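Overview (structure and organization)
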Amino acid sequence: MYNSYVIHSFRHDVVMDQSLIALQVFINEITDCERFVIICDSNTTSHCLPLFMQQILLKKQPLIVCIPAGESSKNLTEVNRVWQELTEQNINRNSVCLNLGGGVVTDLGGFAASLYKRGIRFINIPTSLLAMVDASVGGKTGIDFMGIKNQIGLFSFPLRVFVSTAFLQSLPKHELLAGTAEMFKHGLLEGGKHWDEMCQLKPDEILGRPGLIADSIRIKNKMVTLDPFDTHGRKALNLGHTIGHALEAWALTNQAGPTLLHGEAVALGLLTESFLAKEHMDLNPQLFATIQDWVLQRFHIPDFDMDVVLDCLKHDKKNKENEVNFCLLKSLGNVQIDVPLKTQAIRASLQHLKSLR
Ligand code: GLY
């Protein structure tokens, strides 16, 4: 068990802080802060903000800016609205944003804060499992644009990230489960104990495993610290994300259909990209079967439109000269980055995914 446990990363620490006492101490130390701005969404306003306000004492009434919940809010219109509120309330450069929410809030809040008056400070307080183990950590901020995930953004590091698993108590079960997909990915990247534990983790068990969450953050941090600006080794964190982002982009265009959470898309991406790795990188079929079973036991495969997904892949940030570049698993703990693959191969992997529906 941890009480307050610090994981050091590039330009920011991540503090496991169950009771939020460490956050209170940190806030008290920011003596030059003119005003705190809390950026949250329509879910965290009702489920997390009350707990936050109960535990944290701010000297002056904070400005609360609320965006609608969901990936479809991660856009320029909402950023514009945040900037308008900050401007109308005369928020100055000595202010600090507290991003209280899941990945959409920490990505968008960090982006809005980093550009407002050429940058004001921000602190991430992730409230979803996915944001705790991935989005809030490592300085990637941004928004979606023209249907492309994270098309506009910048690296900008929070002062600190405070992780309290107390916020997970109010998270819907399917969101908790979606967060475990990124943790499973961390297991694949590192192997060893984290991998074994993630394979054995039952779908509804994560709430009682803060140590496993801390371990996942440690793995993410290790990769961020070695390559903060994503030019080489950090790219391995994109495992499952090439197909995952394209499926997410398809789901965003398919407003009438079911929504697809980022973690759910990543899980399906891990399965599909493992198929590619088996076909093109000699990934052990036994390991592929383990990955496939883990995903199928937890996640549903939507009836996606293959051509839309293939089209979305063209916009992936890793692409070079019209080839789609993947990060593929060679073996447990061993990833090959920048593997170019042709459309025919990708189509076969998506066909495999469809066949499992
Ligand atoms: N989510 C991938 C990364 O932070 O690099």
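Report on the accompanying structure. (Residues numbered from 1 in each chain as written. Predicted model: local features only at pLDDT ≥ 70, side-chain atom pairs only at ≥ 80, totals over all residues. Heavy atoms only, no water.)

**As for the overall build of the protein**
When helices and strands are tallied, the protein shows 14 helices and eleven strands. Whereas a compact globule of 357 residues would reach a radius of gyration of roughly 21 Å, the protein reaches 20 Å, a difference of no more than 12%. Within the protein, buried positions represent 58% of all 357 residues. Considering only contacts in the protein between residues 6 or more positions apart, those separated by 24 or more positions represent 75%. (Helix = DSSP H or I, 4+ residues; strand = E, 2+ residues; numbered from the N terminus. Rg over C-alpha atoms; globule rule 2.2 N^0.38 Å. Buried < 20%, exposed > 50% of the residue type's maximum accessible area, 1.4 Å probe, protein only. Contact = heavy atoms within 4.5 Å.)

**A few points about the environment of R93**
Relative to the helices and strands, R93 is located in the loop between α4 (76–88) and β5 (96–101). Considering only alpha carbons, one finds R93 and G192, 99 residues apart in sequence, at a separation of 45 Å. Each residue touching R93, except ones within four places of it in the same chain, is listed here: K117, R118, G119 and I120. A polar contact of 3.2 Å, which involves the side chain of R93, links it to the backbone oxygen of K117. (Polar contact = N/O pair within 3.5 Å; in protein donor to acceptor, adjacent residues only side chain to side chain.)

**Some points on the packing of aromatic side chains**
Considering all chains together, one arrives at ten aromatic pairs under this definition. Consider the rings of F155 and F229, whose centres lie 5.3 Å apart with planes at 85°: the pair is edge-to-face. Taken together, the positions of F155 in strand β8 (residues 148–155) and F229 in the loop between α9 (210–226) and α10 (241–253) put the pair 74 residues apart, joining distant regions of the chain. In this structure F155 comes out as partly exposed when scored by relative accessible area, which is 32%. (Phe/Tyr/Trp six-rings, centres within 6.5 Å; stacked < 30°, edge-to-face > 60°.)

**Some remarks on the pairing of strand β10 (residues 324–331)**
When you tally the buried positions in β10, you get six out of eight residues, the bulk of the element. As paired elements, β10 and strand β11 (residues 334–341) share six bridges and run antiparallel to each other. Counted as the bridge partner of N325 is P340 from β11. Taking the residues between adjacent antiparallel strands as the criterion, β10 and β11 are bridged by two residues, where G333 takes a positive phi near 80°. (Pairing = 2+ DSSP bridges.)

**Describing the side chain of D227**
Along the chain, D227 turns up in the loop between α9 and α10. Looking at D227, its side chain comes within polar contact range of the main-chain nitrogen of T231, at 3.0 Å. A distance of 2.7 Å separates a polar side-chain atom of D227 from the backbone nitrogen of H232. Among all residues touching D227, those that are not within four sequence positions of it are H232, G233, R234 and K235.

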